[in-house]
Number of protein chains: 4
Amino acid sequence: MLSLIDNPPPWPNGARCAVSFAYDFDAESLLHLYYPTDSARRLSLASTLRYGARVAIPRLAAIWRHFGIRQTVFTPGWCVEHYPEAIELLLEGGHEIGHHGWLHERVNQLSRGDEERVLEAGIRAIEKATGAPPVGYRCPSGAFSEHTLDLLIDYGLRYDASLGGHDIPYLVERSDGRAIVELPHDASHDDWNQYVHLKDANWQVPVAAPARARETFQADFDAAWNHGGLWTAVFHPFVSGRLARAEEQVRLIEYMMEKGDVWFATCAEIAAHIDGLVARGEWTPMVERLPFWPEPPEQVALPSR
Amino acid sequence: MLSLIDNPPPWPNGARCAVSFAYDFDAESLLHLYYPTDSARRLSLASTLRYGARVAIPRLAAIWRHFGIRQTVFTPGWCVEHYPEAIELLLEGGHEIGHHGWLHERVNQLSRGDEERVLEAGIRAIEKATGAPPVGYRCPSGAFSEHTLDLLIDYGLRYDASLGGHDIPYLVERSDGRAIVELPHDASHDDWNQYVHLKDANWQVPVAAPARARETFQADFDAAWNHGGLWTAVFHPFVSGRLARAEEQVRLIEYMMEKGDVWFATCAEIAAHIDGLVARGEWTPMVERLPFWPEPPEQVALPSR
Amino acid sequence: MLSLIDNPPPWPNGARCAVSFAYDFDAESLLHLYYPTDSARRLSLASTLRYGARVAIPRLAAIWRHFGIRQTVFTPGWCVEHYPEAIELLLEGGHEIGHHGWLHERVNQLSRGDEERVLEAGIRAIEKATGAPPVGYRCPSGAFSEHTLDLLIDYGLRYDASLGGHDIPYLVERSDGRAIVELPHDASHDDWNQYVHLKDANWQVPVAAPARARETFQADFDAAWNHGGLWTAVFHPFVSGRLARAEEQVRLIEYMMEKGDVWFATCAEIAAHIDGLVARGEWTPMVERLPFWPEPPEQVALPSR
Amino acid sequence: MLSLIDNPPPWPNGARCAVSFAYDFDAESLLHLYYPTDSARRLSLASTLRYGARVAIPRLAAIWRHFGIRQTVFTPGWCVEHYPEAIELLLEGGHEIGHHGWLHERVNQLSRGDEERVLEAGIRAIEKATGAPPVGYRCPSGAFSEHTLDLLIDYGLRYDASLGGHDIPYLVERSDGRAIVELPHDASHDDWNQYVHLKDANWQVPVAAPARARETFQADFDAAWNHGGLWTAVFHPFVSGRLARAEEQVRLIEYMMEKGDVWFATCAEIAAHIDGLVARGEWTPMVERLPFWPEPPEQVALPSR
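Residues numbered from 1 in each chain as written. Chains lettered and ligands numbered in written order. Predicted model: local features only at pLDDT ≥ 70, side-chain atom pairs only at ≥ 80, totals over all residues. Heavy atoms only, no water.

Named according to an unreviewed UniProt entry, chain A is Chitooligosaccharide deacetylase originating from Acuticoccus mangrovi. According to the UniProt record, the Sequence similarities (unreviewed entry) comment for chain A reads "Belongs to the polysaccharide deacetylase family." Checking UniProt for chain A, the heading Function (unreviewed entry) contains the comment "Is involved in generating a small heat-stable compound (Nod), an acylated oligomer of N-acetylglucosamine, that stimulates mitosis in various plant protoplasts." (UniProt positions renumbered as here; feature names shortened; annotations may be inferred.)

The following block contains the structure:
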């Protein structure tokens, strides 16, 4: 078969690809994000979001335990504080808790100072709950700012999982040459556009049957398996943890396991593996220097009518 | 198979799951909701909505009679008053009439006093038409307010079917500890996002083939059957009562019946069953205290650019 | 099989159902409707719409000739005047030209006087091109007004094909008891929501594969065939006349013909058949009196927050 | 089989159809188009768009080399300047670089003078990078203006690939009778509506599985093959170059090659072929004179309520 990834990283034990069901556990942080002054009277939305914490996390933890795999769950600090049982369950399963803001903030709408305060608040919450600061970050709402990388490096995070520049891990570096690992994904890895129908969040698509949504996810997995890539989801407990979708996820994991030669790992483990390869000079990743466009380009012509 | 519901309730006669085709019979209440001052000149929309009352309800009643099953139909008081033949037909079939507002009001946009007036108006209309007040409520447009539970309890309703916090019934309680049964659903149980294309309602998705939409509905049913859940639809007569979709519903019911061990029941019966289990100490449900967030959380940072 | 239409009309020669591929031939009337002062600089949109007149109509006419069937094509008077070759081709094939406004006007946004002027302009154009006034009307954009039926009756039209109140023909009558035949359809018969992706018309859905869209159309046909209904499309030449979709339509017609006992007819023939049945007392249709709601209902409560 | 194209052009070597995977390589030009003053803080969107230049173009070039086919890649001048390696790779593969504006401008929002400046800037960039001016143009965002054809002819371009007036090439001529070849397409040839989900670009559809999207593309190809048409895609490297979609494209090309009798060519080659046929009088194309509607038509009635 024609190889479609030029320079895939070597995966542990000769695995064909790496897989990390990286979840974003948002709970009602989304409610407060969409309705910062008006969340109190949106109980339907709240109940649907709480499902993630109260029903889906225990269910998913049971599935992962059944298969003996560990995952990364990115979650806002506010969720860490308000859903300690869910966090405890995840920690018992050996899962990684990643940083996902304080209250799901879109940090590119904040000043640099405010973005820093949000980052600190999330770190503190995770540190308090888990005993250690987070290793990785996923930017809520894809709102990675021109300051984000700089702050992640300053605060000692080791990887980011927010961007979409490749099918395999790469490095994002800042102007001084310091870099962290990027674990990229695409909208095709996201359960939101397949399943989410929330009037209050102004999000209305036809809800896909689980077997149909799986076609999109599995095509990416198969391609990663064929060509040595990384498959990392952007799933949400309140979405993919619903009963029929959790069943379908069981089938997807079974499919992956039957195919074999898959490295199931947390994002932190994948990032550490990449760090090691690079440190030992065993693999040379793509490097992207951020921010890409500090100034907008000069335009030849702007709309005039 | 890995069990995906931790603590499913025991269903009557050892049934694997409970099924209630809970319909929202809205007729032109939606027209008046969307166009409170301007409904008179929207005859295309009106004719499509009236189809629910004049064509779909008799058709669905015939289907349910054919299979010997009874359903719950939530309907605004205004519809009860304006479509007495449809209500009569439903009562003859032994179906339950549930409360669905007076004119499909989004009650979380009302003051508490107005929400109460709406609740009273709906109760009066149902009581007059059926001889008894309604036992259950489904909040129109998912607009469950911070006062809704309080009012439902004060007015003696026994269950709500508006929220989405679990895959099985649970209890919603208020600050004094009094609770009613919640029969939850998800957007995946709703026919609206599969089928509805109404320019005047600003709702435009590709219209799914009935066999495709059924994939979404049936996946939820299969999962409920596998794990002891509750399958309760949010169907609309003017939507799922259209000819080809009604045919597909016949096939879905046949599928359910061939699978067997399904408890077909009204929402009131399901709620009463749950009440009984709890009263006899035979089953302990999840309990959610409402409202969830009387005050919005303090924010670390708000959008500033 | 359980019968799902209570009182289907008898169709000629014992046919199981009636089929009319009723097209809306809009050409650039849509361009001028969306951009009344700004159409000149939208050449991409214009070229796509012109395809309907220059490529699709000849193609569709060839398909219908091949199968020996005749259709109804609703078209604005402006199109009749500007695309005389297309109209000539349709007339040669024995197809019916129905009224579709002057320039695709949304008549419920007009005064009664303006709606009348639009109706007259369309009639004049069709009369001039075909030698006879139109027999039927389909309201552009589903904008049937509170005056439309009154005007249609005053101007001698015999049927309308705009509303959605049943799966079989019915009568719409005005206050004096005079009525015309309604040939109803639903969004599930419309090719727009399956295929149309027009940035300039603010209409963006994923473009369905023709075989997928056919699933939606064919499910309605199968149901009409099973239960004695009417299948009447809302197709557009620039949409369903595109090459691959026209191929799929050939397959759909072949499917219908192989199934057999289908009455292919123009809308005018179907309406005349219904008129005859009613006049001879051989069948009693549903009757809807228009307008439905001259005044909006009194509300218990209006949004206050 | 019933022929559905009246007068298809003869293709070289008796091919059944012509195929050109005509890509729009936009990279971050879209970012700057959507956010002309605000692109700096949108790094998620930027990283996804850069994927087109850094990962997808090399991958696609490898696929095309593998199959021994050449394509046309339309690209803004800004991209030509900022991604010289990608352009070099395309030139090495013998691919054509087509004009796609300077920074993806919607030229029908510009004055004629500004549109001309944009055209010149794009020509200069391509001339500098490739040694020759571009032969063909595809208008960004379907914003072909009333001046576009005039300018294309004045600047010596030989074909346009922006409009949608037929399934086969045709001529677009201006008032003095001078004409260029039009290579038309439809939204059904566009990967955007199948796959693109970009919050920052206000574009949110469910992401199709590659095998599903291929159904739409392949139906058009099959129809072109059956009837002698032209199949020309509107694909984007950052979209269709993603791993699983690139795999699916490999399968689509294999399918086309197995079917056989397909002329794979660049748009420039197809346009030259058409030019030759016309010059030698071997084929008579459809001719469209632009602009279509210099003045909007007089309206019978405009919205008044």
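Once the structure has been displayed, the description carries forward.
Enquirer: Got a minute to help me understand the relation of the copies chain A and chain B in this structure?
Expert: Put simply, the second copy of the chain is the first one after a rotation about an axis and a shift along it. Aligned on chain B, chain A shows an RMSD of 0.0 Å; the corresponding rotation is 90° and the shift along the axis is 0.0 Å. Classification of the inter-copy transformation places it as that of a four-fold axis. Scanning chain A for the C-alpha nearest the rotation axis identifies A:Val205, at a separation of 5.1 Å. The residues that chain A uses at the interface reappear at the interface of chain B in only 11% of cases, marking distinct surfaces. (Least-squares fit on C-alpha atoms with pLDDT ≥ 70 in both. Contact = heavy atoms within 4.5 Å.)

Enquirer: When you look at the sheet that holds strand E1 (residues 17-20) of chain D in this model, what are you seeing that I'm missing?
Expert: In sheet architecture, strand pairing relies on hydrogen bonds along the backbone and comes in two forms, parallel and antiparallel. All names here are of chain D. Strands sit in the order E11-E1-E12 across an open sheet of three strands; the sheet is parallel. Of all strands in the sheet, those bounded by a partner on one side alone are strand E11 (230-232) and strand E12 (262-264). Across the sheet, the axes of successive neighbouring strands diverge by a mean angle of 20°, strand direction being ignored. Note that E1 and E12 share three bridges and pair parallel. (Pairing = 2+ DSSP bridges. Helix = DSSP H or I, 4+ residues; strand = E, 2+ residues; numbered from the N terminus. Axes fitted to C-alpha atoms, helices over the stretch in contact; angles between N-to-C directions.)

Enquirer: Help me understand the relation of the copies chain D and chain A in this model?
Expert: Of the transformation superimposing chain D on chain A, the axial component is 0.0 Å and the angular component is 90°, with the fit at an RMSD of 0.0 Å. Here only 11% of the contact residues of chain D are again contact residues in chain A; the copies associate through non-equivalent surfaces.

Enquirer: Sorry, what's going on with the packing of aromatic side chains here?
Expert: Within the structure shown, the criterion is met by 48 aromatic pairs over all chains. Measuring from ring centre to ring centre gives 5.0 Å for A:Trp78 and B:Trp293, while their planes differ by 50°; the resulting arrangement is tilted. Of the two residues, A:Trp78 is situated in helix H3 (residues 77-82) and B:Trp293 in the segment after strand E13 (287-289); the pairing between them involves two chains. Across this residue pair, the class does not change: A:Trp78 and B:Trp293 are buried. One aromatic cluster in this structure is built from A:Phe21, A:Tyr23, A:Trp64, A:Phe217, A:Trp231 and A:Phe235. The side chain of A:Arg16 reaches across the aromatic face of A:Trp225, ending 3.9 Å from its centre. The side chain of A:Arg245 reaches across the aromatic face of A:Tyr195, ending 4.0 Å from its centre. (Phe/Tyr/Trp six-rings, centres within 6.5 Å; stacked < 30°, edge-to-face > 60°. Buried < 20%, exposed > 50% of the residue type's maximum accessible area, 1.4 Å probe, protein only. Lys NZ or Arg CZ within 6 Å of the ring centre and 35° of its normal.)

Enquirer: Is there a simple way to think about the packing of helix H8 (residues 210-227) of chain D against helix H10 (residues 243-259) of chain D in this case?
Expert: The description of two helices packed together rests on the angle between their axes and the distance between the axes. Residues and elements named next belong to chain D. Contact geometry of H8 with H10 gives a least axis separation of 10 Å together with a crossing angle of 25°. Between H8 and H10, the interaxial angle falls into the category roughly parallel. Crossing of H8 against H10: the hand is right-handed. Across the interface between the two elements, Pro210, Ala211, Arg214, Phe217, Gln218, Phe221, Asp222 and Trp225 from H8 touch Ala244, Arg245, Glu248, Arg251, Leu252, Tyr255, Met256 and Lys259 from H10. Taken together, the residues of the contact of H8 with H10 break down into nine nonpolar, one polar and six charged. (Parallel < 35°, antiparallel > 145°, perpendicular 65-115°, else oblique. Left-handed = near helix turned anticlockwise from the far one by under 90°. Nonpolar A, V, L, I, M, F, W, Y, C, P; charged D, E, K, R; others polar.)

Enquirer: Could you clarify how one ought to interpret the pattern of salt bridges in this entry?
Expert: Proximity of charged atoms lets side chains of opposite charge pair with each other. Enumeration over the complete set of coordinates arrives at 107 salt bridges over all chains. Within this structure, A:Arg212, A:Glu215, B:Arg212, B:Glu215, C:Arg212, C:Glu215, D:Arg212 and D:Glu215 form a network of salt bridges that share partners. (Salt bridge = Lys/Arg side-chain N within 4 Å of Asp/Glu carboxyl O.)

Enquirer: For this particular structure, what's the right way to read the interface of chain A and chain B?
Expert: For an interface, size is often stated in terms of accessible area lost upon the parts coming together. At the interface, 57 residues of chain A touch 55 residues of chain B. Together, the buried faces of chain A and chain B total about 4600 Å²; carbon and sulfur atoms form 56% of this surface. On the chain A side of the interface with chain B, the three residues burying the most area are A:Arg41, A:Leu43 and A:Leu243, jointly 14% of the side's total. Taken together, the links from chain A to chain B amount to eight salt bridges. The interface formed by chain A and chain B contains 25 residue pairs in polar contact (both at pLDDT 80 or more). Secondary-structure elements contributing two or more residues to the side of chain A that touches chain B are helix H1 (29-34), helix H2 (43-67), H3, helix H5 (112-130), helix H8 (210-227) and helix H10 (243-259) of chain A. With 14 residues, H2(A) is the single largest residue contributor to the side of chain A that touches chain B. In terms of residue class, the side of chain A that touches chain B is built from 27 nonpolar, 14 polar and 16 charged. (Buried area = accessible area lost by both parts, 1.4 Å probe. Polar contact = N/O pair within 3.5 Å; in protein donor to acceptor, adjacent residues only side chain to side chain.)

Enquirer: Help me understand the UniProt feature "domain: NodB homology" (unreviewed entry) in chain A, please; the structure alone is not making it clear to me.
Expert: The feature "domain: NodB homology" (unreviewed entry), as given by UniProt, occupies residues 43-265 of chain A in the numbering adopted here. As annotated, residues 43-265 of chain A comprises 49% helix and 13% strand, and the C-alpha atoms at either end are separated by 36 Å.

Enquirer: Where do I start with helix H4 (residues 84-92) of chain B in this structure?
Expert: Residue and element names in this part refer to chain B. Buried residues of H4: Ala86, Ile87 and Leu90, and no others. All buried residues of H4 fall inside an arc of 100° around its axis, so they share one side. H4 presents Glu85 and Glu92 as exposed residues on the side facing more than 90 degrees away from its buried surface. If you follow the buried residues of H4, they end up packed against helix H2 (43-67), strand E3 (72-75), helix H3 (77-82), strand E4 (96-99) and helix H5 (112-130). One or two residues past the end of H4 sits glycine 94, with phi positive at roughly 80°. (Arc of directions from axis to C-beta.)

Enquirer: Can you help me understand helix H11 (residues 267-279) of chain C in this one?
Expert: Turn by turn, an α-helix covers 3.6 residues, leaving residues three or four places apart pointing in a common direction. Residues and elements named next belong to chain C. In this model, H11 (13 residues) spans 18 Å end to end at C-alpha, consistent with the 18 Å of a helix rising 1.5 Å per residue. Of the residues making up H11, those classed as buried are Cys267, Ala268, Ile270, Ala271, His273, Ile274, Gly276 and Leu277. Two residues or fewer after H11 comes glycine 281, characterised by a positive phi angle close to 65°. (Expected span 1.5 Å × (residues − 1).)

Enquirer: Would you mind going over the sheet that holds strand E1 (residues 17-20) of chain C with me for this structure?
Expert: All names here are of chain C. Here we have three strands laid out as an open sheet, ordered E11-E1-E12, and parallel in their pairing. Both edges of this open sheet fall to strand E11 (230-232) and strand E12 (262-264), since each of them pairs with a single strand only. The mean angle between the axes of side-by-side strands here comes to 20°, regardless of whether they run parallel or antiparallel. With three bridges connecting them, E1 and E11 associate as parallel partners. The partner of alanine 18 across the bridge, within E11, is leucine 230. Against the sheet, helix H8 (residues 210-227) touches E1, E11 and E12, its axis set at about 155° to E11. Running at roughly 130° to E12, helix H10 (residues 243-259) makes contact with E1, E11 and E12 of the sheet.

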